[in-house]
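Reading the structure
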Protein chains: 2
Amino acid sequence: MAHQKPKPQVVDIHTHMYPPAYISILSSRDTIPLIRRFPSSPDPRLILLEAELPALEAALHDPTAPLPGRPLTKHFSHLSQKLHFMATQKIDISVLSLANPWLDFVSPLEAGQAADQVNGSFELMCTARKGSRFFFFGTLPLSAPLPTILASIDNLKRLPHCRGIIMGTTGLGAGLDDPSLLPILKALATAHLPIFLHPHYGLPNSVYGPRASEYGHVLPLALGFPMETTIAVARMYLAGVFDAVPALRMILAHSGGTLPFLAGRIESCVLHDGKLATVKRGRTVWEVLREQVYLDAVVYSEVGLRAAVEASGGAERLMFGTDHPFFPPVGGEAGDGEEGKWESVRLNVEAVDKALGEGSEEAGMVMGGNAVKVLRLYEE
Amino acid sequence: MAHQKPKPQVVDIHTHMYPPAYISILSSRDTIPLIRRFPSSPDPRLILLEAELPALEAALHDPTAPLPGRPLTKHFSHLSQKLHFMATQKIDISVLSLANPWLDFVSPLEAGQAADQVNGSFELMCTARKGSRFFFFGTLPLSAPLPTILASIDNLKRLPHCRGIIMGTTGLGAGLDDPSLLPILKALATAHLPIFLHPHYGLPNSVYGPRASEYGHVLPLALGFPMETTIAVARMYLAGVFDAVPALRMILAHSGGTLPFLAGRIESCVLHDGKLATVKRGRTVWEVLREQVYLDAVVYSEVGLRAAVEASGGAERLMFGTDHPFFPPVGGEAGDGEEGKWESVRLNVEAVDKALGEGSEEAGMVMGGNAVKVLRLYEE
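Remember, it's a predicted structure, so these values are computed and weren't measured experimentally.

Regarding the sheet that holds strand E7 (residues 162-167) of chain B
Strand pairing within a sheet occurs via backbone hydrogen bonds; the two strands may be parallel or antiparallel. Residue and element names in this part refer to chain B. On the basis of which strands lie adjacent, the open sheet formed by eight strands has the order E1-E5-E6-E7-E8-E9-E10-E11 and parallel pairing. At either margin of the open sheet sits one strand with a lone partner, and together these are strand E1 (11-17) and strand E11 (318-319). Across three bridges, the pairing between E7 and strand E8 (residues 195-197) is parallel. Along E8, the bridge assignment pairs Ile166 with Phe196.

The structure is reproduced here in structure tokens:
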């Protein structure tokens with residue numbers, strides 16, 4: 001009797017949680033990132049972005065001003081809510097990660113302990129339910145001295161559900177093309193821990209012009225975030241980081257920011273730069289993309305998804321994600337309307353189905369097969 | 001006897017010239033943009049970008065420092081050189097435009113006359129050779145008072161070879177979402193003069209990090225330019241400019257910057273923004289792209305070209321360009337090695353051939369057919 005082919009698993013590799021230790025760090029702060037309660041809101045507000053500063057200032061001085069940031073709903077902090085989200089969105093496995101800005105802002109002396117707490121919390125979340133439905137990307141104490149960071153990597157290697165680390169674009173403060181970061185990148189490569197690169201800082205507010213506040217968060221989130229990721233990876237490429245650490249693997253948030261679309265322009269600009277073209281170069285941008293880079297599939301369009309697949313050399317380098325709990329259904333800000341349909345999830349599922357064919361082998365790979373294989377999403 | 005189908009014409013809609021009046025304006029300046037002679041260089045140097053300022057400072061104080069900017073070769077100023085380029089690259093028709101930063105920096109009192117001179121020079125270039133091989137995009141005196149700008153549009157309507165205008169992203173100074181720009185956009189729409197939107201200002205140098213100077217011009221040109229264009233168009237969209245001027249047609253440089261790849265993310269961010277989603281919206285980003293926007297095909301990759309075609313709804317909205325005389329063959333900086341193969345042109349031709357099929361009807365449309373039709377590239 002022929003066996004029916006099992007339905008491929010759906011894996012969400014881009015899904016954030018805030019454990020209690022992190023929430024208490026944010027709640028104790030006076031500058032962004034911070035969590036603040038306002039009398040007019042049932043949930044505390046989570047204020048993360050430079051672009052949200054004007055709204056925060058306004059709300060602190062005027063109780064009738066619109067609330068800054070976003071509500072810190074139980075979607076951010078409760079594992080039961082994550083499980084509910086997974087059930088309603090038909091997600092089998094989630095690879096959890098701390099949301100931006102991770103521990104970038106924590107003082108050097110406290111960062112090591114904070115990382116241990118946060119990573120310990122994530123490991124606990126992964127074992128809280130039977131059946132291996134959770135794995136996680138750890139967080140490094142990048143503001144701490146090098147030995148502390150390396151010790152943190154050692155610690156992550158021993159946590160059974162850790163499958164990589166999530167990192168922003170600033171590295172130790174000077175960006176990912178900073179030579180001081182190389183020992184850390186090498187330790188991660190040796191430990192087989194890929195970096196999930198995620199934006200946070202965006203672009204300076206000035207680039208959005210005088211009417212920016214009328215457009216909500218659209219410009220910094222839709223354009224600043226992807227450009228930040230693209231600049232960070234381009235700097236790594238130009239500094240030769242990928243050649244220096246060939247075993248390093250990167251997973252780029254938001255399908256690489258804009259890298260799939262701009263790779264040709266980057267490559268051409270390097271070829272035509274009098275200064276760079278005369279330097280002996282390693283691999284092309286395309287080769288690095290296809291050899292050391294994976295992309296999540298959080299791009300919200302068939303056009304973008306197909307470009308991401310083509311740029312990275314095939315559907316085996318893309319992995320589905322939701323960006324939960326960000327981009328909840330509008331109207332459900334308080335957490336009560338977020339139980340059902342998540343339009344943000346639907347857009348990304350539909351992009352995979354349309355670009356690769358609903359039910360196709362390639363779609364199955366992007367929706368989960370690749371993540372299971374690349375991130376070894378089983379008990380070891 | 002059957003007629004052989006004529007070979008479709010190749011039209012270059014993204015090709016720049018500096019007429020003598022403009023070169024003398026730039027040569028008289030002390031701040032960027034400017035043209036400056038250095039003892040160690042046969043050609044004067046053209047220094048346009050904020051990112052080139054550190055190199056300019058260095059070269060002014062140290063005669064052994066690398067030269068700033070790029071050489072002002074005859075490719076920028078001589079029509080005979082443009083014709084030679086067209087002959088070697090097999091281009092039948094060129095739609096000439098002034099290069100950035102146009103007249104953005106000219107004082108309000110002088111801008112009107114400067115525009116007349118520049119536009120007059122372009123019209124003369126177009127009639128200098130028999131056979132309609134040249135048309136042009138005019139330049140507006142955007143720093144001048146509104147009546148001067150409107151008079152300049154009237155003047156352009158009377159120049160027989162003008163087919164639109166080239167414009168940067170600052171508009172009257174506050175960007176393209178500035179309501180004060182609407183009368184100008186309406187006048188252009190009424191005159192059937194599309195706007196060729198071209199970047200110049202890029203992003204603040206700070207976003208490229210402390211090692212930026214090691215990477216030549218790559219980061220500002222490859223990433224800053226496309227992001228500038230994307231932000232400008234997104235701001236127009238969010239401000240409702242396309243709905244306010246439905247007859248406006250835009251041609252976006254560099255295949256829309258990053259718009260084809262990020263349109264999905266923009267659309268999703270709008271849908272999920274508590275503030276914007278509750279406002280009654282006009283058309284989606286996709287609809288505006290397909291109804292009011294054309295893209296040039298200067299994207300240097302098959303992946304980018306295909307995304308541009310798909311995002312804009314079909315091959316009939318893309319038009320080939322070269323960005324000549326920028327990105328000359330490396331080694332030919334002095335102008336003597338630039339006679340033969342232009343890699344930058346090859347990359348863009350190859351992108352069209354690979355994405356749409358060499359010799360296909362769609363490739364022919366992008367290589368010239370669309371431009372002839374959309375821009376009416378014949379004597380009227």
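This is not the end of the story, as more comes after the structure.
Quick notes on the packing of aromatic side chains
Going through the model one piece at a time under the given rule, you end up with 16 aromatic pairs over all chains. Both rings, one in Tyr18 of chain B and one in Tyr22 of chain B, keep their centres 5.2 Å apart while their planes meet at 50°; by these two values the pair is tilted. The class of Tyr18 of chain B is buried, set by a relative accessible area of 0%. Following the ring pairs from residue to residue traces out a cluster consisting of Tyr18, Tyr22, Phe76, Phe105 and Phe326 of chain A. Across the ring face of Tyr294 of chain A, the terminal group of Arg317 of chain A is positioned such that the distance to the ring centre comes to 4.3 Å.

Focus: the packing of helix H10 (residues 259-271) of chain A against helix H12 (residues 285-292) of chain A
Interhelical geometry of H10 of chain A versus H12 of chain A gives an angle of 140° and a closest axis separation of 9 Å. On H12 of chain A, the residues that touch Leu259, Pro260, Ala263, Gly264, Ile266 and Glu267 of chain A of H10 of chain A are Val285, Trp286 and Leu289 of chain A.

Overview of the packing of helix H13 (residues 302-311) of chain A against helix H14 (residues 343-356) of chain A
Residue and element names in this part refer to chain A. Look at H13 against H14: their axes get within 8 Å of each other, and the N-to-C directions meet at 65°. Handedness of the H13/H14 crossing: right-handed. Taken together, the residues of H14 that come into contact with H13 (itself represented by Glu302, Leu305, Arg306 and Val309) are Ala351, Val352, Lys354, Ala355 and Leu356. Of the residues in the contact of H13 with H14, the class split is six nonpolar, no polar and three charged.

Here's the deal with the relation of the copies chain A and chain B
Once turned by 180° and shifted 0.0 Å along the axis, chain A lies on chain B with an RMSD of 0.0 Å. The superposition of one copy onto the other is thereby described by a two-fold rotation axis. Interface residue correspondence from chain A to chain B reaches 100%, placing this contact among same-surface, isologous pairings.

A few points about the nonpolar core
With 263 residues, the main nonpolar core has Tyr18 of chain A together with Tyr18 of chain B as its most contacted residues. If near-sequence neighbours (up to four positions away) are discounted, Tyr18 of chain B is found in contact with Ile23, Leu26, Leu46, Leu48, Leu72, Phe76, Ser77, Leu98, Ala99, Asn100 and Phe326 of chain B.

Focus: the confidence of the model for chain A
Mean pLDDT for chain A: 93, with 95% of residues reaching 70 or above. The ipTM value of the predicted complex is 0.95, and its pTM value is 0.95.

Observations concerning the pattern of salt bridges
Applying the stated criterion across every chain, the model contains 24 salt bridges over all chains. For the salt bridge of Asp243 of chain A with Arg283 of chain A, the shortest nitrogen-to-oxygen distance reads 2.9 Å. Of the two residues, Asp243 of chain A sits in helix H9 (residues 241-244) while Arg283 of chain A sits in the loop between helix H11 (274-277) and H12, which places them 40 residues apart along the sequence. On the accessibility criterion, Arg283 of chain A (18% relative accessible area) is buried. For Arg346 of chain B, the salt bridge is made with Glu343 of chain B, and the minimal N-O distance between the two is 2.5 Å. Residue Arg346 of chain B and its partner Glu343 of chain B are both found in helix H14 (residues 343-356); the two are separated by three residues, about one turn of the helix. Judged by its relative accessible area of 27%, Arg346 of chain B is partly exposed. What you see here is one network of salt bridges that share partners, running through Glu343, Arg346, Glu350 and Lys354 of chain A.

A word on empty space enclosed by the protein
Residue and element names in this part refer to chain B. What the rule picks out here adds up to seven cavities of 30 Å³ or more. As for the largest cavity, its lining consists of 13 residues, of which Arg70, Asn100, Leu221, Phe225 and Phe326 are closest to the centre. Within the lining of the largest cavity, the residues separate by chemical class into six nonpolar, four polar and three charged.

What to know about the interface of chain A and chain B
Many analyses report the size of an interface as the accessible area lost when the parts associate. Contacts between the two partners involve 67 residues from chain A and, on the opposite side, 67 residues from chain B. Together, Phe261, Arg265 and His272 of chain A form the three largest contributors to the area buried by chain A at its contact with chain B, with a combined 15%. Our enumeration of links across chain A and chain B arrives at two salt bridges. In this structure, Arg306 of chain A and Glu310 of chain B form a salt bridge, with 2.7 Å as the shortest nitrogen-oxygen distance. Seen at the junction of chain A and chain B, the total is 14 residue pairs in polar contact (both at pLDDT 80 or more). Going through the elements one at a time, helix H8 (218-238), H10, H11, H13 and H14 of chain A are the ones with two or more residues in the side of chain A that touches chain B.

Some points on the pairing of strand E1 (residues 11-17) of chain A
Residues and elements named next belong to chain A. Within E1, seven of the seven residues are buried, leaving the element largely enclosed by the surrounding structure. Of the strand pairs in this sheet, E1 and strand E5 (residues 93-98) are connected by five bridges, and their pairing is parallel. Looking across to E5, one finds that Thr15 is bridged to Leu96.

What about the pairing of strand E7 (residues 162-167) of chain A?
Residues and elements named next belong to chain A. Among the six residues that make up E7, six are buried, leaving the element largely enclosed by the rest of the structure. Here three bridges tie strand E6 (residues 134-139) to E7, and the two strands are oriented parallel to one another. When the bridges of E7 are listed, Thr139 appears paired with Ile166. In this region the chain leaves E6, passes through helix H6 (residues 146-158) and returns to the parallel neighbour E7; the handedness of that crossover is right-handed.

Conventions used here
Residues numbered from 1 in each chain as written. Chains lettered and ligands numbered in written order. Predicted model: local features only at pLDDT ≥ 70, side-chain atom pairs only at ≥ 80, totals over all residues. Heavy atoms only, no water. Pairing = 2+ DSSP bridges. Helix = DSSP H or I, 4+ residues; strand = E, 2+ residues; numbered from the N terminus. Phe/Tyr/Trp six-rings, centres within 6.5 Å; stacked < 30°, edge-to-face > 60°. Buried < 20%, exposed > 50% of the residue type's maximum accessible area, 1.4 Å probe, protein only. Lys NZ or Arg CZ within 6 Å of the ring centre and 35° of its normal. Axes fitted to C-alpha atoms, helices over the stretch in contact; angles between N-to-C directions. Contact = heavy atoms within 4.5 Å. Left-handed = near helix turned anticlockwise from the far one by under 90°. Nonpolar A, V, L, I, M, F, W, Y, C, P; charged D, E, K, R; others polar. Least-squares fit on C-alpha atoms with pLDDT ≥ 70 in both. Core = buried A, V, L, I, M, F, W, Y, C linked by side-chain atoms within 4.5 Å. pLDDT = per-residue confidence, 0-100. Salt bridge = Lys/Arg side-chain N within 4 Å of Asp/Glu carboxyl O. 1 Å grid on protein atoms, 1.4 Å probe; cavity = no way out; pocket = protein on both sides within 12 Å on 5 of 7 lines; lining within 4 Å. Points joined across faces, edges and corners; volume = space filled by probe spheres on them. Buried area = accessible area lost by both parts, 1.4 Å probe. Polar contact = N/O pair within 3.5 Å; in protein donor to acceptor, adjacent residues only side chain to side chain. Right-handed = clockwise from strand over helix to strand, strands pointing away.

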